[in-house]
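One-letter residues, chain by chain:
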Amino acid sequence: MTSKFDKAHWLAFLLPAALLGGAYGSQYIGGLYPCEICWWQRYPHFAAVAIALVAFGVGNPGFRKMLVALAALAIATSGIIGGFHAGVEYGYWEGLTACTATISGTGDDLLKSIMNAPLVRCDVAPWTLFGISLAGYNFLLSFGGAMLILAMIWRNKEI
């Protein structure tokens, strides 16, 4: 039988992995290139996946619980960044960065790559569904998921 903690642990691994999969799918399949703040949202998800993976190999229940909670906090961090980014996209506040573009190539091709690179603005949502941008969905799913994971850990009295 799977405990609430095991479910929380799997959620702490699968949620950021799925969100990263969606981000890379929208980039490489959908052609939605990430802006700088989009990249910032991915880094905590990478950390959460790594921490949750490490926790699978930990035998000490208390340490494992701490690692899963840490993964949840990393997921929440991505959600907070996503909320900030959504606010920038909706014009609620100004972003902290200049917009970036994807650049590839070396040597003689560098200038050509720079000139042909798509400009990705941080303050414009390239895609929305029901008026919510990808950054907005990241906020909802990441922050909500992190709170669910933490609640599942908190309510679990087995460890």
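Note that the coordinates shown come from a computational prediction; the quantities given were computed from them, not determined experimentally. (Residues numbered from 1 in each chain as written. Predicted model: local features only at pLDDT ≥ 70, side-chain atom pairs only at ≥ 80, totals over all residues. Heavy atoms only, no water.)

A word on the nonpolar core. Grouped together as the largest cluster of nonpolar side chains are 25 residues, with contacts concentrated most on Val68, Ala71, Ile75, Ile149 and Ile153. Counting residues in hydrophobic clusters, the runner-up holds five residues, among them Cys35, Ile81, Val120 and Cys122. (Core = buried A, V, L, I, M, F, W, Y, C linked by side-chain atoms within 4.5 Å. Buried < 20%, exposed > 50% of the residue type's maximum accessible area, 1.4 Å probe, protein only.)

Our focus in this paragraph is helix α2 (residues 36-56). Relative to the 30 Å expected for 21 residues at 1.5 Å per residue, α2 spans 32 Å between its end C-alpha atoms, a close match to the ideal helical length. The secondary structure elements touched by the buried residues of α2 are α1 (4-28), α3 (61-89) and α5 (134-155). (Helix = DSSP H or I, 4+ residues; strand = E, 2+ residues; numbered from the N terminus. Expected span 1.5 Å × (residues − 1). Contact = heavy atoms within 4.5 Å.)

This next bit is on the pattern of salt bridges. Inspection of the entire model under this criterion finds one salt bridge. Across the salt bridge formed by Arg64 and Asp6, the nearest N and O atoms sit 3.1 Å from each other. Highlighted residues: Arg64 in helix α3 and Asp6 in helix α1, separated in sequence by 58 residues. Residue Asp6 is classed as partly exposed on the basis of its relative accessible area of 22%. (Salt bridge = Lys/Arg side-chain N within 4 Å of Asp/Glu carboxyl O.)

With 25 residues, α1 extends 35 Å between its outermost C-alpha atoms, agreeing within 8% with the 36 Å of an ideal straight helix rising 1.5 Å per residue. If you check which residues of α1 are buried, you get Phe5, Ala8, His9, Ala12, Phe13, Leu15, Pro16, Leu19, Leu20, Ala23, Ser26 and Gln27. Next to the buried residues of α1 lie α2, α3 and α5.

Counted by the stated rule, this structure contains zero disulfides. Here Cys35 stays unpaired: no disulfide links it, and the sulfur of Cys38, its closest cysteine neighbor, is 3.4 Å away. The class for Cys38 is partly exposed, based on a relative accessible area of 23%. (Disulfide = S-S within 2.5 Å.)

The subject of this paragraph is the packing of aromatic side chains. Tallied over the full model, the rule gives 11 aromatic pairs. Seen in terms of ring centroids, Phe13 and Phe56 are 5.9 Å apart; in terms of plane orientation they differ by 85°. Their pairing is edge-to-face. Here Phe13, found in helix α1, pairs with Phe56, found in helix α2; they are 43 residues apart in sequence, far enough to count as distant. On the basis of relative accessibility, which here comes to 17%, the residue Phe13 falls in the buried class. Ring geometry for Tyr90 versus Tyr92: centroids 5.8 Å apart, planes at 55°, classification tilted. Look at Tyr90 and you get partly exposed, because its relative accessible area is 35%. Over the ring of Tyr24 we find Arg42; its NZ or CZ atom is 4.4 Å from the centre of that ring. (Phe/Tyr/Trp six-rings, centres within 6.5 Å; stacked < 30°, edge-to-face > 60°. Lys NZ or Arg CZ within 6 Å of the ring centre and 35° of its normal.)

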